[in-house]
Amino acid sequence: MTRAATADQAQSTSGTEHVDVLIIGAGVSGIGAAHRLRTEFPERSFVMLEAQDARGGTWWTHRFPGARSDSDLFTYGYRHKPWRGASIAAGDAILEYLDEVIEEDDLTDRIRYHHKVTALDWSSEEARWTARVLRTDTGEEFELTASFLWMCQGYYNHDEPYTPEWPGTERFEGTIVHPQGWPSDLDHAGKKVVVIGSGSTAATVVPALAQTAEHVTMLQRSPSYWFPAPTVHELATMLAPLDLPADWTHEILRRQYVQQLDWLATTGLEDPDQLHAFLVESIRPLLPEGTDIEKHFTPSYRPWQQRIAFVPDGDLFAAMREGKAAVVTDTITEFTEKGVQVSSGEVLEADVVVTATGFDLSVFGDIPFRLDGEPVDFSQRVTWRGIMISGVPNMAYAFGYFRHSWTLRVDLVNDVVGRIFERMAKRGASTVLPTLRPEDEGMPLLPWSDPNNFNPGYVLRSQDRMFKQSDRDPWTHMHEHDHERVSLPEADIDDGLQYR
């Protein structure tokens, strides 16, 4: 990647299209990566390949009623582009925001939809990746080569969500739907709905369905933590009359939300009893009188050991007070013709059952990788700072935060990748390779996510497939933002990386 490339794609000697950088995924991460290339490395040619039929990633996949962010948009939005709306936004508003970035950076002709990457092969001799690509709209298959691979495909399987198997589902006379595959023609108005799950998706879909359904029951196996965050931050209300420039307001609110998220994450680790009390007491006055808080709203795990479900303006609890929604804490025995029977013997009648049961993590889009013809087993490799993978050359990946907004980390990762590009150019290197140091011989390979730190179901289900981390830098990740906003800008990009 040392040659002065034009912004247009080149043809290799074999006639195969070649680009300097291949971005896989046109969601928040991919569009953010493309922005960096456009603004900081305009001489580099690149394309984005997106398997879906439109941009947005998560926000294109998740089109169930009420789909919205569970992070504030002042930190979920990009550092370079001020967010101008309410703190919590619907999926359509987020897509409009991404469309603005695409237009402002002139990225439209760089995104290729319906392009599913089916294999990735690295050649050390040629110092390039070959991507095998399937056009899902035409069935055409072809190859494309790239000097550097930027994996921005997200972290879960967009095609196959996680749904447990329950006895009797074939007998159920109603409709069963997973939010990840919501039918556009599903009519829930005036119907009885059971939503299985109590995570972020349930926190969104239950109040949305309750607006027109006869009744919505949220059936949870165990309680979750909830936080009734305001849709519009009180600080935003105070700043509004001052008529400040949009970027000032954005920066002020961004810093306020970062401080709030830092406090939640730090307190969850250092004083979990305090955070537990704070979260439970924050919802107590919003619940219907007589609610059994111990049974329905007191989790058995430490706060932030799993995601906290954000409930903008407490809309879920408003639906409960109005009698439009209720919570049942129990396990499923079986489905019947008319609904879901739980272990107490009660049958929760339903016309529609929504399985808000989560998703399965995907290791780099479940794309087969080969290095000089040898298959790559990522479960036996270790991460370099949550950005690259040991022994895998010229490949970076985007992975955000679980406790903070995803994009806060994506911006930091993009900074590091940009520094690596500059280092490669300065040294005239065509390859950068994460390589274990002599002192790392025999170091322990640890789960990519420590269960004592963060252990939701989708993480635990994936441990055997995911790459590993270790007990020392630079082979660690899953740090919090208050740590990484200092450590990543200062990261030694020679430590654990070889340039050739």
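Everything below is about the structure shown above.
What this report covers is the structure whose coordinates are included nearby. A quick note: this is a predicted structure, and the numbers were derived from the prediction, not measured. (Residues numbered from 1 in each chain as written. Predicted model: local features only at pLDDT ≥ 70, side-chain atom pairs only at ≥ 80, totals over all residues. Heavy atoms only, no water.)

## Concerning the overall build of the protein chain
- Counting its regular elements, the protein chain contains 13 helices and 24 strands.
- The C-alpha radius of gyration of the protein chain comes to 24 Å, within 12% of the 23 Å expected for a compact globule of 500 residues.
- By its C-alpha atoms, the protein chain is 70 × 55 × 50 Å across when sized along the principal axes.
- By residue count, 56% of the 500 residues in the protein chain fall in the buried class.
- For the protein chain, restricting intrachain contacts to residue pairs at least 6 apart in sequence, the fraction spanning at least 24 positions comes to 70%.
- Total accessible area on the protein chain stands at roughly 21,000 Å², and carbon and sulfur atoms take up 47% of it. (Helix = DSSP H or I, 4+ residues; strand = E, 2+ residues; numbered from the N terminus. Rg over C-alpha atoms; globule rule 2.2 N^0.38 Å. Buried < 20%, exposed > 50% of the residue type's maximum accessible area, 1.4 Å probe, protein only. Contact = heavy atoms within 4.5 Å. Areas by Shrake-Rupley, 256 points an atom, 1.4 Å probe, with all protein chains shown as cover.)

## Some remarks on the sheet that holds strand E14 (residues 332–335)
- As summarised here, the arrangement of the three strands in space is E14-E15-E16, forming an open sheet in which the pairing is antiparallel. Both edges of this open sheet fall to E14 and strand E16 (347–349), since each of them pairs with a single strand only. The average undirected angle you get between the axes of adjacent strands in this sheet is 25 degrees.
- Pairing of E14 with strand E15 (residues 339–342) involves three bridges; the strand directions are antiparallel. By the bridge assignment for E15, Phe335 is matched with Val340. (Pairing = 2+ DSSP bridges. Axes fitted to C-alpha atoms, helices over the stretch in contact; angles between N-to-C directions.)

## Quick word on the packing of aromatic side chains
- Per the stated rule, a full pass over the model turns up 37 aromatic pairs.
- Considering the side-chain rings of Phe41 and Phe421, the 5.4 Å spacing of their centres and the 85 degrees angle between planes classify their relative orientation as edge-to-face. Of the two residues, Phe41 sits in the loop between helix H1 (28–40) and strand E3 (46–49) while Phe421 sits in helix H11 (residues 406–427), which places them 380 residues apart along the sequence. Both residues of the pair, Phe41 and Phe421, belong to the buried class.
- A ring pair is formed by Trp226 and Phe317, whose centres lie 6.2 Å apart and whose planes are at 75 degrees; its orientation type is edge-to-face. Taken together, the positions of Trp226 in strand E11 (residues 226–227) and Phe317 in helix H10 (residues 315–321) put the pair 91 residues apart, joining distant regions of the chain. One exposure class covers both Trp226 and Phe317, and it is buried. (Phe/Tyr/Trp six-rings, centres within 6.5 Å; stacked < 30°, edge-to-face > 60°.)

## A closer look at the nonpolar core
- In this structure, Phe369 and Met395 are the most contacted members of the largest nonpolar core, which totals 102 residues.
- Tallying contributions element by element places H11 first for this core, with 10 residues.
- Sequence-distant contacts of Phe369, that is, excluding residues within four places in its chain, are made with Leu120, Trp129, Leu149, Met151, Phe364, Glu374, Pro375, Val376, Phe378 and Met395.
- If you look at the next biggest cluster of nonpolar residues, it comprises 33 residues, including Val206, Ala213, Ile283 and Met320. (Core = buried A, V, L, I, M, F, W, Y, C linked by side-chain atoms within 4.5 Å.)

## Notes on the pairing of strand E9 (residues 192–196)
- In terms of burial, E9 is a largely internal element, four of the five residues being buried.
- Bridge analysis of E9 against strand E10 (residues 215–220) gives five bridges, and the strand direction is parallel. Note that in E10 the partner of Ile196 across the bridge is Leu219.
- Handedness of the crossover joining E9 and E10 through helix H5 (residues 200–210) is recorded here as right-handed.
- Summarising the sheet, E9 and strand E17 (residues 352–355) pair through four bridges and their orientation is parallel. Residue pairing for E17: Val193 is matched across the bridge by Val352. (Right-handed = clockwise from strand over helix to strand, strands pointing away.)

## Observations concerning the sheet that holds E9
- The strand order E8-E17-E9-E10-E13 describes an open sheet built from five strands, whose pairing is parallel. Bordering the open sheet on either side are strand E8 (175–177) and strand E13 (325–329), each of which pairs with just one other strand. The mean inter-strand angle of the sheet, taken between neighbouring strand axes irrespective of direction, is 20 degrees.

## Notes on a negative patch on the surface
- A cluster of acidic residues, Glu125, Glu126, Asp372 and Glu374, forms a negative patch at the surface.
- Relative to the elements of secondary structure, Glu125 occurs in the loop between strand E5 (115–123) and strand E6 (128–135). (Patch = residues over 30% accessible without salt bridge, like charges linked within 9 Å, V, L, I, M, F, W, Y side chains within 5 Å. Salt bridge = Lys/Arg side-chain N within 4 Å of Asp/Glu carboxyl O. Lys, Arg positive; Asp, Glu negative; His and termini not counted. Charge placed at Lys NZ, Arg CZ, Asp CG, Glu CD.)

## Considerations on the pattern of salt bridges
- Per the stated rule, a full pass over the model turns up 34 salt bridges.
- Ionic pairing is found between Glu104 and Lys81, a salt bridge with its closest N-O pair at 2.9 Å. Of this pair, Glu104 sits in helix H4 (residues 91–104) while Lys81 sits in the loop between helix H3 (73–76) and H4, and the two are 23 residues apart along the sequence.
- Residue Glu104 is classed as exposed on the basis of its relative accessible area of 53%.
- When its relative accessible area of 5% is taken as the criterion, Lys81 is described as buried.
- Two residues, Arg284 and Glu281, come together in a salt bridge whose shortest N-O distance is 2.9 Å.
- With relative accessibility at 39%, the residue Arg284 sits in the partly exposed group.
- On the basis of relative accessible area, Glu281 is assigned to the partly exposed category, the value being 42%.

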